[in-house]
Amino acid sequence: MKRLVFFLVVFLHGLIHALGFWNAFHYGNLLHLSKEISKPLGLVWLLAAFLFILAAIYFLVRKNNWERVAILAIVFSQVVVFYSWKEAKYATIINFLILIIIIPVVAGKRFDNTVKREALELLSGPRQDDFVITTEMLEKLPAIVQRWLVRSGVAGKLNINFVRLKQVGKMRLKQDSKWMPFRATQYFSIEEPQFVWKVQVEMLPFITMDGRDRFKDGKGEMLIKLFALFNIASAGRTPRMNAATMVRYLAEITWFPTAALSNYLSWSLMDATTVKVTMTYSDISVTGIMQFTEEGDLMSFEADRFMGNGRTGSMRKWLVEAKEYKTFNGVRIAHKNAVSWKLASGDFNWADIEVTDLEYNKPVLYSN
């Protein structure tokens, strides 16, 4: 709906500019201007009209660089508005409102380009030679983990080096705050454990928050911006952040189960359906508890994780619960998950996540 509203505002703004051309060529004084418009200036009115209408159409069909066309239209618009300021000055308000929408779009593209460079670096990193996963390779793992991998369908498949996926979901900042929808894209490498996650959260209509989490060389980074412009939060490369980000990577290997065979993971059986998994990489170790059904479906992942950043952060139990399964590329994963902090006041379910697209060993960026 809001896309349609913005389209109509820009499109109608363009049509109004066309009336300036109409006045200049004496087809009628539809704008009721006290100052006559010359024919050369009338052509500028027409050019502004054309650019606004073109920008509106480009925006509606999601064509790249529509904002550049709109900025050019605003420039020409302000030229003719200043010439007929007395009657046309209110057009400046519309131009300003359009510009307010455009600025975060431009900032968002710059933010996206930065994340894309990081993702390309990840996808061009080291990889193992391709080999087929056999049941014999799984024998060193606890029996329930073997059952999980077989049930996931990885036996007979190639090992996974790279992962790309898309997510939708909702998150909230406090237990009593409103849910905010989000869309995200994430890239993983397995030989050297890394990920880059880009998310856009709709806080309110027309108000968005862009974020990026990154795990590289055992270091974790987090950046959150309002409208992709103003820093809300930034943290990284501290022992707490590094460990917290590594815990996240460890939890998310369930989306690419062949990573269970990685030499930076060690497994120990706690009971018939529960295992402890420890990830050791770049002189950091973190541990999580995985619980399975008797059939081998993952039920949950739980770990101690730092909640918050800096001096205010504290260690809390962090829980990921599998809610629904789906098969992607022949591999069955928990594609719907609920993420919670276990607090003294009760469980705080702060995120519900759904994987909507997932591809293995395709080390290229998504086109959109």
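This one's a predicted model, so the numbers in the text were calculated from it and none came from an experiment.

A.B. asks: What am I meant to see in the packing of helix α3 (residues 66-83) against helix α5 (residues 91-123) here?
C.D. replies: Taken N-terminus to C-terminus, the directions of α3 and α5 make an angle of 155°; their axes are 10 Å apart at the nearest point. Relative to α5, the element α3 is oriented roughly antiparallel. In the packing of α3 onto α5, the handedness of the crossing is left-handed. Between α3, through Trp66, Glu67, Ala70, Ile71, Ile74, Ser77, Gln78 and Val81, and α5, the contact on the second element is made entirely by Ala91, Thr92, Asn95, Ile98, Leu99, Ile102, Val105, Val106 and Lys109.

A.B. asks: Looking at this model, I keep getting lost on helix α6 (residues 143-152). Mind explaining?
C.D. replies: Listing the buried residues of α6 in full gives Ile144, Val145, Trp148, Leu149 and Ser152. Seen end-on, α6 carries its buried residues on one side only, within an arc spanning 140°. Check the buried side of α6 and you find it contacts β7 (265-271), β8 (274-281), β9 (284-292), β10 (298-307) and β12 (331-343). The positive-phi residue at the C-terminal boundary of α6 is Gly153, with phi of around 95°.

A.B. asks: Just to check I follow, could you spell out the packing of helix α2 (residues 39-60) against α3 for this structure?
C.D. replies: A pair of packed helices can be characterised by two numbers: the angle between their axes and the separation between those axes. The N-to-C vectors of α2 and α3 enclose an angle of 150°; their axes lie 8 Å apart at closest approach. Of the possible angle classes, the one that applies to α2 and α3 is roughly antiparallel. For α2 against α3, the interelement crossing comes out left-handed. Where α2 approaches α3, its residues Leu41, Val44, Trp45, Leu47, Ala48, Leu51, Phe52, Leu54, Ala55, Tyr58 and Phe59 are matched on the opposing element by Trp66, Val69, Ala70, Leu72, Ala73, Ile74, Phe76, Ser77, Val80 and Tyr83. Looking at the contact of α2 with α3 residue by residue, the classes come out as 20 nonpolar, one polar and no charged.

A.B. asks: What should I look at first to understand unusual backbone geometry in this one?
C.D. replies: Most peptide bonds take the trans configuration, and most residues that are not glycine carry a negative phi. Residues other than glycine seldom take positive phi values, yet Arg62 does so here, at roughly 60°. With respect to the secondary-structure elements, Arg62 resides in the loop between α2 and α3. When its relative accessible area of 61% is taken as the criterion, Arg62 is described as exposed. The backbone of Ser282 sits at a positive phi, close to 50°, despite the residue not being glycine.

Rules of the game
Residues numbered from 1 in each chain as written. Predicted model: local features only at pLDDT ≥ 70, side-chain atom pairs only at ≥ 80, totals over all residues. Heavy atoms only, no water. Axes fitted to C-alpha atoms, helices over the stretch in contact; angles between N-to-C directions. Helix = DSSP H or I, 4+ residues; strand = E, 2+ residues; numbered from the N terminus. Parallel < 35°, antiparallel > 145°, perpendicular 65-115°, else oblique. Left-handed = near helix turned anticlockwise from the far one by under 90°. Contact = heavy atoms within 4.5 Å. Buried < 20%, exposed > 50% of the residue type's maximum accessible area, 1.4 Å probe, protein only. Arc of directions from axis to C-beta. Nonpolar A, V, L, I, M, F, W, Y, C, P; charged D, E, K, R; others polar.

Taken by themselves, the reported measurements are silent on function.
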